[in-house]
Amino acid sequence: KYNFDFRQQGALTEQMYFAIPKELNTEHKKSLDDNTSFYIKLHGSCNWVTEDKKHLIITGQNKTGEILENGLLSWYQDILKQVLDGEDVKVFFIGYGFRDTYLNEIIKDAIFKKDLKIYILSPLKYSDFREQVRKVWNGFNGALDQGLSGYFKTDLKELFPNQSGISAIEKEIEESFFKNV
């Protein structure tokens, strides 16, 4: 349990950093067979540290190797692969710009081999989003064409404008993504 407000503005304090285990024990691992919905955070946070209190930031050309060396992040990737290997899987991406080739390969394989359906929420017009994806990885556009089942041009402030009522875009997402779940 953490006793601080995540909405706090300003610099991160020491109490806001979380140690990420290098290795996972059996307690951390559980079967995915009985679950039908998953929330998988594909990217890290600015407030992660290693067990020896060094900042954990993974960037650059060797992302895949660094991720595979970290128990938690490697486990996230394993979960993603296992979930995407299922039948009739739909994935909703929020805030992912498809800039990570190692994740795109996993997603692309699931689209072509398992008929993965993807839904994307982005503040960009679809044509701008598609151009952005094409610039960072041209090979993914074919997968995007085949797998895309829904695109929602919005941001989280528009999606959840206030505490009262459901926004029109939220209704559209619910009808599109959550039907037949």
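Colleague: Teacher, can you tell me more about the sheet that holds strand β5 (residues 148–153) here?
Modeller: The strands making up a sheet associate through backbone hydrogen bonding, with each pair oriented either parallel or antiparallel. Spatial strand order, β3-β4-β5: three strands in an open sheet with parallel pairing. The open sheet terminates on both sides in strands that have one partner only, identified here as β3 (90–94) and β5. Each strand axis lies, on average, 15° off the axis of its neighbour in the sheet, ignoring direction. As paired elements, β3 and strand β4 (residues 117–122) share five bridges and run parallel to each other. Of the residues in β4, the one forming a bridge with valine 91 is isoleucine 118.

Colleague: How do you make sense of the confidence of the model for the protein chain when you look at a structure like this?
Modeller: Put simply, the protein chain has an average pLDDT of 76, and 65% of its residues get 70 or more. Mean pLDDT across the elements of the protein chain ranges from a minimum in strand β1 (residues 18–20), with 60, to a maximum in β5, with 94. Predicted confidence for residues 1–7 stays below pLDDT 50, and this span has seven contacts to residues more than four positions away or in other chains.

Colleague: Hey, could you run me through the nonpolar core in this one?
Modeller: The nonpolar side chains of soluble globular proteins are, as a tendency, buried together. Residues Leu84, Phe98, Ile107, Leu116 and Phe140 are the most contacted members of the largest nonpolar core, which totals 25 residues. At the level of elements, α2 (71–84), β3, α3 (101–114), β4, α4 (126–136) and α5 (141–147) are the ones that each hand at least two residues to this core. Considering every element that reaches this core, the biggest residue donor is α3, with six residues. When sequence neighbours within four positions are dropped, the list of residues in contact with isoleucine 107 reads Leu84, Phe93, Tyr96, Phe98, Leu116, Ile118 and Phe140. Listed in part, the seven residues of the second largest apolar core include Tyr119, Phe152, Ile169 and Ile173.

Colleague: Hey, could you run me through the packing of aromatic side chains in this one?
Modeller: Between two aromatic rings, the relevant description is the distance of the centres plus the angle of the planes. Taken as a whole and assessed by the stated rule, the structure comprises ten aromatic pairs. Plain terms: the ring middles of phenylalanine 92 and phenylalanine 177 are 5.3 Å apart, the flat faces sit at 80° to each other, and that makes the pair edge-to-face. Taken together, the positions of phenylalanine 92 in strand β3 and phenylalanine 177 in helix α7 (residues 168–177) put the pair 85 residues apart, joining distant regions of the chain. On the basis of relative accessibility, which here comes to 11%, the residue phenylalanine 177 falls in the buried class. Ring centres 5.1 Å apart and planes at 65° place the aromatic pair phenylalanine 93 and phenylalanine 98 in the edge-to-face group.

Parameters at a glance
- Residues numbered from 1 in each chain as written.
- Predicted model: local features only at pLDDT ≥ 70, side-chain atom pairs only at ≥ 80, totals over all residues.
- Heavy atoms only, no water.
- Pairing = 2+ DSSP bridges.
- Helix = DSSP H or I, 4+ residues; strand = E, 2+ residues; numbered from the N terminus.
- Axes fitted to C-alpha atoms, helices over the stretch in contact; angles between N-to-C directions.
- pLDDT = per-residue confidence, 0-100.
- Contact = heavy atoms within 4.5 Å.
- Core = buried A, V, L, I, M, F, W, Y, C linked by side-chain atoms within 4.5 Å.
- Buried < 20%, exposed > 50% of the residue type's maximum accessible area, 1.4 Å probe, protein only.
- Phe/Tyr/Trp six-rings, centres within 6.5 Å; stacked < 30°, edge-to-face > 60°.

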